[in-house]
Amino acid sequence: DTAVSQTPKYLVTQMGNDKSIKCEQNLGHDTMYWYKQDSKKFLKIMFSYNNKELIINETVPNRFSPKSPDKAHLNLHINSLELGDSAVYFCASSQRGTQYFGPGTRLTVL
Amino acid sequence: SQQGEEDPQALSIQEGENATMNCSYKTSINNLQWYRQNSGRGLVHLILIRSNEREKHSGRLRVTLDTSKKSSSLLITASRAADTASYFCATDAGSDDMRFGAGTRLTVKP
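Residues numbered from 1 in each chain as written. Chains lettered and ligands numbered in written order. Predicted model: local features only at pLDDT ≥ 70, side-chain atom pairs only at ≥ 80, totals over all residues. Heavy atoms only, no water.

Student: Quick one: what's the story with the overall build of chain B, residue by residue and with numbers?
Tutor: Looking only at helices and strands, chain B features zero helices and 11 strands. Beginning at the N terminus, the succession of helices and strands in chain B can be written as β-β-β-β-β-β-β-β-β-β-β. Relative to the globule expectation of 13 Å for 110 residues, the C-alpha radius of gyration of chain B, 13 Å, shows essentially globular dimensions. Viewed in the frame of its principal axes, chain B has a C-alpha envelope of about 40 × 30 × 20 Å. Among the 110 residues that make up chain B, the fraction classed as buried is 46%. Across chain B, contacts joining residues at least 24 apart in sequence account for 54% of those joining residues at least 6 apart. Accessible area of chain B: about 5,200 Å², with a carbon and sulfur share of 44%. Put simply, chain B has 14 plus and 12 minus side-chain charges, and the middle of one group is 2 Å from the middle of the other. (Helix = DSSP H or I, 4+ residues; strand = E, 2+ residues; numbered from the N terminus. Rg over C-alpha atoms; globule rule 2.2 N^0.38 Å. Buried < 20%, exposed > 50% of the residue type's maximum accessible area, 1.4 Å probe, protein only. Contact = heavy atoms within 4.5 Å. Areas by Shrake-Rupley, 256 points an atom, 1.4 Å probe, with all protein chains shown as cover. Lys, Arg positive; Asp, Glu negative; His and termini not counted. Charge placed at Lys NZ, Arg CZ, Asp CG, Glu CD.)

Here you go:
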């Protein structure tokens, strides 16, 4: 059984479009995250949610809006996509330190 | 902002050799963790070392932590081709807020 799952795995879209990435964890963890990994493999935290409440919001453009309908889900909606948004986006969950990552969503903006 | 910084950025060794990767960080931490990322996959937790520990072992992995120098090292002994991956250190200053470095890309040649 997959602990942290993301959909879709690949996403190719045009500049200016709006897209969403979904994340679900079945570990019962309280905290979930979104990370962005660029082409140089640099992993940068974007958002952290604890029990559906936003805890960390790094300097991310407000075109990115996370939504947590319940503790097990943290979705990422991106408006007006730009070329620089192309990256791999990872969802993760944690409880007491160790993080469990999803398989990633490779977003390509053309 | 990022916290951990791995060194070297890339490392290439022969199967059977040992691989050592280093991580430096800037602020006080509760614990430091090492993760592994295979190409195209999410990160997988390897080992956690707490701030009051100096050394920890797990199978062929040995992690050291020097809080006075704000540095950690990951040693993989008797490396195998399957160890080829990127290795990230991540620091936890509390509140499940993990900060990752850019990783060391390890290549183990058969």
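Student: Help me get a handle on the pairing of strand E5 (residues 43-50) of chain B, residues and values and all.
Tutor: All names here are of chain B. With seven bridges joining them, strand E4 (residues 31-37) and E5 adopt antiparallel strand pairing. Paired with Trp34 across the two strands is Ile47, which belongs to E5. Counting the residues in the hairpin turn of E4 and E5 gives five residues, including Gly40, whose phi is positive at 75°. (Pairing = 2+ DSSP bridges.)

Student: Break down the sheet that holds strand E1 (residues 4-7) of chain A for me, citing the residues and quoting the values.
Tutor: Residue and element names in this part refer to chain A. Spatially, the four strands line up as an open sheet ordered E1-E3-E8-E7, and their pairing is antiparallel. Of all the strands in the sheet, the pair left with one neighbour each is E1 and strand E7 (64-70). Direction aside, neighbouring strands of the sheet carry axes that sit 20° apart on average. Summarising the sheet, E1 and strand E3 (residues 19-25) pair through four bridges and their orientation is antiparallel. Across the sheet, Ser5 pairs through a bridge with Glu24, a residue of E3. (Axes fitted to C-alpha atoms, helices over the stretch in contact; angles between N-to-C directions.)

Student: Just give me the short version of the pattern of salt bridges, but keep the residues and values in it.
Tutor: As enumerated under the stated definition, the model contains seven salt bridges over all chains in all. Its salt-bridge partner being Lys71 of chain A, residue Asp30 of chain A comes within 2.9 Å of it at the nearest N-O pair. Taken as a pair, Asp30 of chain A in the loop between E3 and strand E4 (31-37) and Lys71 of chain A in the loop between E7 and strand E8 (73-78) lie far apart in primary sequence, 41 residues in all. On the basis of relative accessible area, Asp30 of chain A is assigned to the partly exposed category, the value being 25%. Between Glu55 of chain B and Arg62 of chain B there is a salt bridge, and its shortest N-O distance comes to 3.1 Å. With relative accessibility at 29%, the residue Arg62 of chain B sits in the partly exposed group. Residues joined by salt bridges that share partners form a network here, namely Arg63, Glu82 and Asp85 of chain A. (Salt bridge = Lys/Arg side-chain N within 4 Å of Asp/Glu carboxyl O.)

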